[in-house]
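Each chain is listed here by its residues.
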Amino acid sequence: MTMSNQGGGRRRPPTIHDVAREAGVSRGTVSRVLNGGHYVSPAAQEAVNAAIRKTGYVVNRHARSLITGRSDSVGFLLTEPQEKFFEDPNFNVLLRGCTQALAAHDIPLLLMIAGTEDERRRISRYITAGHVDGVLLVSSHSGDPVAAELRDAGVPLVACGKPIGQASKVSYVAADDRDGARDMVRHLLSLGRRRIGMITGPLDTPGGVERLAGYREVLGESGVEVDERLIVTGDYSRAGGEAGAAELLSRVPGLDALFVASDLMAQGALSALQRAGRRVPEDVAVGGFDDSPAATATSPALTTIRQPWDRISAEMVRVLLAQIGGEDPSAVILPTELVKRESA
């Protein structure tokens with residue numbers, strides 16, 4: 001069907017009436033197809049979809065939102081300083097995966113960064129005013145008030161990682177941090193290393209707590225005494241990894257392996273080891289965590305624990321859309337994988 005160009009003016013965009021006429025169905029049938037296809041026969045649904053393709057009809061989201069009370073958009077909320085978004089490759093990988101998963105449902109994703117208290121207040125007001133239907137929350141630290149505020153306001157919410165203290169109340173998708181750490185420490189032990197240092201993540205984050213717990217458990221099970229001098233706390237930054245490795249070398253110069261709780265920190269640790277004249281892996285075997293782009297940007301390439309970012313982002317979107325549809329909060333824990341490269 002060709003839309004008329006009345007009076008030589010601009011071509012009129014196709015409407016829901018044009019779709020109904022092309023498909024040979026009522027406007028109500030077209031509306032039901034656009035809103036999920038409930039109570040529509042397969043034949044009618046196919047006719048409407050074919051008519052949409054032929055006419056080039058595009059849903060007027062604003063008009064539909066006035067009827068449904070939904071914005072038909074989702075927020076990706078990062079409650080970290082803006083510079084962290086550009087430094088840490090994990091955030092970009094997760095954002096890309098969530099964008100692609102939502103695109104399959106024709107739902108746009110709005111990026112929101114709230115690294116300060118003022119930004120958090122403004123964005124919380126925006127979200128609770130109904131400008132997005134739900135939120136994919138990426139927040140490293142516990143005690144983040146945004147999750148509790150949005151939950152209390154009834155906003156559908158899914159967190160990346162297990163929220164400390166709120167796990168039973170907030171939907172989340174997480175990799176199995178503890179089991180991944182256990183796999184890495186077992187691997188380092190299998191190489192004959194016994195003085196294994198660790199640079200943890202922040203200990204007010206689920207990853208920081210769980211990865212350290214996995215490290216302690218495997219050393220204990222293997223009969224290797226946990227030497228507290230071999231543990232320093234990091235901050236998931238490259239600079240934090242570099243400072244942590246330098247601190248460990250000053251405490252225990254003879255350490256022969258290093259488990260670093262993120263690939264970005266491991267990049268910094270490798271720089272510190274190189275500066276101190278330690279060869280990797282001959283003198284010190286190094287393992288990271290994430291299998292982010294940082295893992296293959298190092299020299300030597302980093303042995304690490306792979307978090308299944310594609311599955312994490314797809315599951316976050318699936319759980320959020322289910323919650324927007326009225327389902328209760330749920331939790332998904334995904335397995336990790338040891339990836340062996342040259343550093344260990």
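Residues numbered from 1 in each chain as written. Predicted model: local features only at pLDDT ≥ 70, side-chain atom pairs only at ≥ 80, totals over all residues. Heavy atoms only, no water.

A.B. asks: Now, about the side chain of Asp18: what can you tell me, with residues and values included?
C.D. replies: Residue position: Asp18 is located in helix H1 (residues 16-23). A distance of 2.8 Å separates a polar side-chain atom of Asp18 from the backbone nitrogen of Thr15. (Helix = DSSP H or I, 4+ residues; strand = E, 2+ residues; numbered from the N terminus. Polar contact = N/O pair within 3.5 Å; in protein donor to acceptor, adjacent residues only side chain to side chain.)

A.B. asks: Any chance you could break down the packing of aromatic side chains for me, citing the residues and the numbers?
C.D. replies: Applying the stated criterion across every chain, the model contains one aromatic pair. Plain terms: the ring middles of Phe259 and Phe289 are 6.5 Å apart, the flat faces sit at 40° to each other, and that makes the pair tilted. One end of the pair, Phe259, is in strand S8 (residues 257-260); the other, Phe289, is in the loop between strand S9 (285-287) and strand S10 (304-306), with 30 residues separating them in the sequence. Considered together, Phe259 and Phe289 belong to a single accessibility category, that of buried residues. The ring of Phe289 is capped by Arg211, whose NZ or CZ atom sits 3.9 Å from the centre of that ring. (Phe/Tyr/Trp six-rings, centres within 6.5 Å; stacked < 30°, edge-to-face > 60°. Buried < 20%, exposed > 50% of the residue type's maximum accessible area, 1.4 Å probe, protein only. Lys NZ or Arg CZ within 6 Å of the ring centre and 35° of its normal.)

A.B. asks: If you had to explain the packing of helix H11 (residues 238-251) against helix H12 (residues 263-275) to someone new, which residues and values would you point to?
C.D. replies: Direction vectors running N to C along H11 and H12 enclose 45°, while the axes themselves pass 6 Å from each other. Our classification of the angle between H11 and H12 gives oblique. The hand of the H11/H12 crossing is right-handed. For the pair H11 and H12, contact is made by Arg238, Gly241, Glu242, Ala245, Ala246 and Leu249 and by Leu264, Met265, Gln267, Gly268, Ala269, Ser271, Ala272, Leu273 and Arg275, respectively. Of the residues assigned to the contact of H11 with H12, the class counts are eight nonpolar, four polar and three charged. (Axes fitted to C-alpha atoms, helices over the stretch in contact; angles between N-to-C directions. Parallel < 35°, antiparallel > 145°, perpendicular 65-115°, else oblique. Left-handed = near helix turned anticlockwise from the far one by under 90°. Contact = heavy atoms within 4.5 Å. Nonpolar A, V, L, I, M, F, W, Y, C, P; charged D, E, K, R; others polar.)

A.B. asks: Mind laying out the pairing of strand S1 (residues 74-78), listing which residues take part and the relevant values?
C.D. replies: Remark: a regular strand shows side chains that alternate across the two faces of the sheet. Counting buried residues in S1 gives five out of five residues, a clear majority hidden from the surface. Burial along S1 is two-sided: the face carrying Val74, Phe76 and Leu78 and the face carrying Gly75 and Leu77 are both buried. Bridge count for S1 against strand S3 (residues 135-138) is four bridges, and the pairing is parallel. Residue pairing in the sheet places Phe76 in a bridge with Leu136 of S3. (Pairing = 2+ DSSP bridges.)

A.B. asks: I'd like a rundown of the sheet that holds S3, residues and numbers included.
C.D. replies: Read across the sheet, six strands follow the order S2-S1-S3-S4-S5-S11 without closing on themselves; strand pairing throughout is parallel. Either end of the sheet is taken by a strand with one partner, and the two such strands are strand S2 (109-113) and strand S11 (331-334). Geometrically, the sheet is characterised by an average inter-axis angle of 15° between neighbouring strands, direction not taken into account. In the sheet, S3 pairs with strand S4 (residues 157-160) via three bridges, with the strands oriented parallel. Within the sheet, the bridge partner assigned to Leu137 lies in S4 and is Ala159.

A.B. asks: Residue-level account of H12, with values.
C.D. replies: With 13 residues, H12 should reach 18 Å at 1.5 Å per residue; the first-to-last C-alpha distance of 19 Å fits that figure. Of all 13 residues making up H12, eleven are buried, and the element is well covered by its neighbours. For H12, the complete set of buried residues consists of Asp263, Leu264, Met265, Ala266, Gln267, Gly268, Ala269, Leu270, Ser271, Ala272 and Leu273. (Expected span 1.5 Å × (residues − 1).)

A.B. asks: Describe the environment of Gly287, and please don't skip the residues or the numbers.
C.D. replies: Residue placement: Gly287 occurs in strand S9. If near-sequence neighbours (up to four positions away) are discounted, Gly287 is found in contact with Met184, Leu258, Phe259, Val260 and Thr303.

A.B. asks: Tell me what's going on with the pattern of salt bridges, and back it up with residues and numbers.
C.D. replies: Summed over all chains, the structure comprises 22 salt bridges. Between Glu247 and Arg251 there is a salt bridge, and its shortest N-O distance comes to 2.9 Å. Pair noted here: Glu247 and Arg251 are both in helix H11, with a separation of four residues, about one helical turn. A relative accessible area of 35% means that Glu247 is categorised as partly exposed. We classify Arg251 as partly exposed; its relative accessible area is 33%. For Arg306, the salt bridge identified is with Glu337, shortest N-O distance 3.5 Å. Highlighted residues: Arg306 in strand S10 and Glu337 in strand S12 (residues 337-339), separated in sequence by 31 residues. For Arg306, a relative accessible area of 32% puts it in the partly exposed group. Through salt bridges with shared partners, one network takes in Arg178, Arg182, Glu210, Glu217 and Glu221. (Salt bridge = Lys/Arg side-chain N within 4 Å of Asp/Glu carboxyl O.)

A.B. asks: Can you lay out a nonpolar patch on the surface for me, pointing to particular residues and giving the numbers?
C.D. replies: Taken together, the side chains of Ile164, Leu203 and Val209 present a nonpolar region at the surface, about 220 Å² in accessible area. With respect to the element layout, Val209 can be found in helix H10 (residues 206-221). Its relative accessible area of 35% is what places Val209 among the partly exposed residues. (Patch = residues over 30% accessible without salt bridge, like charges linked within 9 Å, V, L, I, M, F, W, Y side chains within 5 Å. Areas by Shrake-Rupley, 256 points an atom, 1.4 Å probe, with all protein chains shown as cover.)

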